[in-house]
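Summary of structural features
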Amino acid sequence: MLILFLKKYQASRLQFKQGAAYTRDGGITVFMALSLTIILSLMLSTVESARIHAIMSFEKESAQLALESVLAEYNIPLYERYGLFAVDGNRDYLTEDILKYAERNETQGIFAFEASQAYIAETVLLSDMDYMPMEKEIVQYMKVKKGEDLISSLSNQNNQTELSEIQSSKKDLNKKIDEYAEAAQLESEQNNGEIITDNEADNAESVKDPRKSLMDILKEGILKLILPEGTAVSQKSLKETVNQTKEEKICHGISDFNQTQQVTNFLQSMDFSQNMVQAATDQLNGLIVNEYILEHFKRAAASDEICKSQTTQLQYEIEYIICGHSDDRDNLLDIANRIILIRTALNTAYLMSDAEKVSQVHTLAASLSAIFPFMEPVVYMLIMAAWGYPESIVDVRSLLAGSRVPLMKNRMTWNLSLTALMDGKLNETGQDSEGMDYGDYLRILLFVTKRKIKYERMENLIQANIRLEEGFKDFTMHRCYYALTCYFEFYSETLFGAYTGNQRRYVNNEQWAECY
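Residues numbered from 1 in each chain as written. Predicted model: local features only at pLDDT ≥ 70, side-chain atom pairs only at ≥ 80, totals over all residues. Heavy atoms only, no water.

Regarding unusual backbone geometry
With a phi angle near 55°, Met129 is a residue other than glycine that sits in the positive phi range. Within the element layout of this structure, Met129 appears in helix H4 (residues 128–146). You will see that Tyr131, though not glycine, has its phi angle at about 65°, which is positive. Mapping Tyr131 onto the fold places it in helix H4. According to the relative accessible area criterion, Tyr131 is buried, its value standing at 4%. (Helix = DSSP H or I, 4+ residues; strand = E, 2+ residues; numbered from the N terminus. Buried < 20%, exposed > 50% of the residue type's maximum accessible area, 1.4 Å probe, protein only.)

See the structure below:
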């Protein structure tokens, strides 16, 4: 019996153990099911997060491509004529075009997204930041176009040295005229205007005064004297401008060489010293922009076939950039007088260094001032200026005819004799193959023109000329976009929102994109 009881007890113990084991295995299964649910949610959240970040990357790329595509639709005449890349802001539906390009870059499948909105938040114009974008494009364009030749040509320019010589000659001439005038005034007061004998007065009246002959010649007008035969003055004018720049005061010539004050006022009418310092501060870029102007804008005496073939609002565009007058005639007259001023200072400086010519003028001055001997130094300087001035007119005529004029003259390059001047003849025209041409003198004047004024007047010309192109009559330079900043809204559908606790159907992603 005992043995039978032990066997039944052992059997019951075994059944108990098996039941307990079965109970423990069921608990582990429930625990694992709960754990796997949490792990699966974590994994799906990670996958969803990675997917969203991938979509955001695609959206950013789409936004950038959309802006680049819009900027690729640059104004073609603006680039072909002036090498400037800019989007015409006057075009309709610019924002819609940006959104259209963004929609073209939408993706499908697991990384699907949709472009819903696009807003232009900020624009950069060619004229913004004191024309820095425009300058940057011009400099890059010229470097690509010219390469190493550009740097070598700029290194050969001596604008600063040439301006220094011109300014020095003007100051020396003015100083001497003022000194002689003061001395003559003092001596006149001391002698109470004493007049010499009648015989000496008769001798003075019989001497030809070149100043009188010159003043008779100048009555014809400067433009008639400087224009080569068969050349007509352009009558074009600039009617509409984007920038109302201050019009420069016209540089007038000398009409009376008996008036000391008028001669000195003419020599003082252009002071290069104030602008030389400013021009030196932006040397390289300023010189490159000046070369750009000389290549892409018309001027008098131009032989460039490309410039001749283009239709422009003004014929003398570079003269306008320097002077700022709305009429071609006024710009040409102003430039002519400025170059005459430069040449008068340099020519008179040479005359005073030539012993033979100094002797001729001293003899003539002594004869003309026989009535008032104390006036001889003043008459001497006025005759010097009256001889250097018409020589400068001949120089400008030579420049407009395509010849060159040396900066500093010598006996071989001097054109006008004193006898010819007294006879009222200015027919001589220089034929020098060395020296500076008309473009070189414009380059000097551009060098001392204020930077902002140059860009404003360039804008006026570019706008007027592009409007002459078919289909661009409403073109405006102040609506030319150099760069854009845009705000985009993208939507993408959540794939695992029901499993990760995110119940939103769409995810709203904001993107900013800049394109230069």
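Here we look at the pattern of salt bridges
The tally for this structure, following the rule as stated, stands at 21 salt bridges. Residues Arg451 and Asp130 are paired through a salt bridge, measuring 3.3 Å at the closest nitrogen-oxygen approach. Note that Arg451 is positioned in helix H20 (residues 451–466) and Asp130 in helix H4, a separation of 321 residues in sequence. Overlapping salt bridges bring together Glu291, Arg404, Asp437, Asp440 and Arg443 as one network. (Salt bridge = Lys/Arg side-chain N within 4 Å of Asp/Glu carboxyl O.)

Focus: H4
Taking 1.5 Å of rise per residue, the 19 residues of H4 would be expected to cover 27 Å, and the 26 Å separating its terminal C-alpha atoms lies within 8% of that figure. Roughly 25° is the biggest bend found in H4, and it falls at Glu135. Buried within H4 are the following residues: Tyr131, Pro133, Met134, Glu135, Glu137, Ile138, Val139 and Met142. Positioned one or two residues after H4, Gly147 has a phi angle of 65°, which is positive. (Expected span 1.5 Å × (residues − 1). Bend = angle between axes of the 7 residues up to and from the residue.)

Structural notes on the confidence of the model for the chain
Within the chain, residue pLDDT values average 78, and 76% of them lie at 70 or more. Confidence drops under pLDDT 50 across residues 193–204; counting only partners more than four residues distant or on other chains, this segment forms 16 contacts. Every residue in residues 498–508 is under pLDDT 50, and counting partners more than four places away or in other chains gives 24 contacts. (pLDDT = per-residue confidence, 0-100. Contact = heavy atoms within 4.5 Å.)

Let's talk about the packing of aromatic side chains
Taken as a whole, this structure holds 13 aromatic pairs when the rule is applied. With a centroid separation of 5.6 Å and 80° between ring planes, the pair formed by Phe113 and Phe490 is classed as edge-to-face. Placement of the pair is Phe113 in the loop between helix H3 (94–104) and strand E2 (114–125) and Phe490 in strand E3 (residues 480–493), with a sequence separation of 377 residues. Residue class for Phe490 comes out buried when judged on its relative accessible area of 0%. Taken together through their ring pairs, the aromatic side chains of Tyr82, Tyr141, Tyr292 and Phe297 make up a single cluster. When the ring centre of Tyr101 is taken as origin, the NZ or CZ atom of Lys100, which lies over that ring, is 5.2 Å away. (Phe/Tyr/Trp six-rings, centres within 6.5 Å; stacked < 30°, edge-to-face > 60°. Lys NZ or Arg CZ within 6 Å of the ring centre and 35° of its normal.)

Comments concerning the packing of H4 against H20
For the pair H4 and H20, the least separation of the axes is 11 Å and the interaxial angle reads 70°. As far as their axial angle goes, H20 and H4 are roughly perpendicular. Listed contacts from H20 to Asp130, Tyr131, Met132, Met134, Glu135 and Ile138 of H4 are Arg451, Lys452, Tyr455, Glu456, Met458, Glu459 and Ile462. Grouping the constituent residues of the contact of H4 with H20 by class yields seven nonpolar, no polar and six charged. (Axes fitted to C-alpha atoms, helices over the stretch in contact; angles between N-to-C directions. Parallel < 35°, antiparallel > 145°, perpendicular 65-115°, else oblique. Nonpolar A, V, L, I, M, F, W, Y, C, P; charged D, E, K, R; others polar.)

Side note on helix H12 (residues 283–296)
Residues separated by three or four positions in an α-helix point in the same direction, a consequence of the helix having 3.6 residues per turn. With 14 residues, H12 ought to run about 20 Å at 1.5 Å a step, and its terminal C-alpha atoms sit 20 Å apart, in line with that. Judged by how many residues are buried, H12 sits mostly within the fold: 10 of 14 residues are covered. Of all the residues in H12, the buried ones are Gly286, Leu287, Ile288, Val289, Asn290, Glu291, Tyr292, Ile293, Leu294 and His296.

Describing the side chain of Asn465
Mapped onto the fold, Asn465 is located in helix H20. Side-chain polar atoms of Asn465 contact the side chain of Tyr82, separated by 2.9 Å. Beyond its immediate stretch of four places on either side in the chain, Asn465 contacts Arg81, Tyr82, Thr311, Thr312, Gln313 and Glu317. (Polar contact = N/O pair within 3.5 Å; in protein donor to acceptor, adjacent residues only side chain to side chain.)

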